[in-house]
Amino acid sequence: MLKKMACLFLFMSFISCEKEGEFTKTPPQLVIDTNDGFVTLYNGVFYPTSGITVSGSASIYEKDNQKYVSLNDFSISSGPDLKVYLSTTASPDTFVNLGNLTSATVYTIPQQVDVSVYKYVLIHCQQYNHLFAIAELH
């Protein structure tokens, strides 16, 4: 009886495994390559706010009428709930939230956003409303 239960358990383990579904897959990282049709629109170097360490730069690229923000050679002090914003000012007053700061280095800008109006990339702690870093785009 014990052998039958063990065999049944083993059999159920094998058939219950599925390949990774669409919603659980880690999305592939987009790589910006200017030799692949990406055009550089703006660049800026990050500088920190008080008590924060940051290095790297931000760039806006365009390819096939889609725009992207890329964080280049980027590192920053750790913090909770960090977001990547595209902002009209050096403070998070009028901005577009591009998403959570993750290991991803490229963020898609929504189609309806006029990037000529948004001259800053901000790293902002949304939970505590604390600005971590600013890159002014030129």
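Residues numbered from 1 in each chain as written. Predicted model: local features only at pLDDT ≥ 70, side-chain atom pairs only at ≥ 80, totals over all residues. Heavy atoms only, no water.

S.K.: How do you make sense of the overall build of the protein when you look at a structure like this?
M.R.: Each helix and strand counted, the protein has one helix and eight strands in total. Moving toward the C terminus, one meets the helices and strands of the protein in the order α-β-β-β-β-β-β-β-β. Of all 138 residues assigned to the protein, the portion counted as buried reaches 32%. Taking the contacts inside the protein whose residues are at least 6 apart along the sequence as the reference set, 56% of them involve residues at least 24 apart. (Helix = DSSP H or I, 4+ residues; strand = E, 2+ residues; numbered from the N terminus. Buried < 20%, exposed > 50% of the residue type's maximum accessible area, 1.4 Å probe, protein only. Contact = heavy atoms within 4.5 Å.)

S.K.: What is the right way to look at the side chain of Ser87 in this model?
M.R.: With respect to the element layout, Ser87 can be found in strand β4 (residues 82-87). Exposure remark for Ser87: the relative accessible area of 0% places this residue in the buried category. Among the polar contacts listed, one links the side chain of Ser87 to the backbone oxygen of Thr94, at a separation of 3.3 Å. Residues contacting Ser87, with those up to four places away along its chain left out, are Thr94, Phe95, Tyr118, Lys119, Tyr120 and Leu122. (Polar contact = N/O pair within 3.5 Å; in protein donor to acceptor, adjacent residues only side chain to side chain.)

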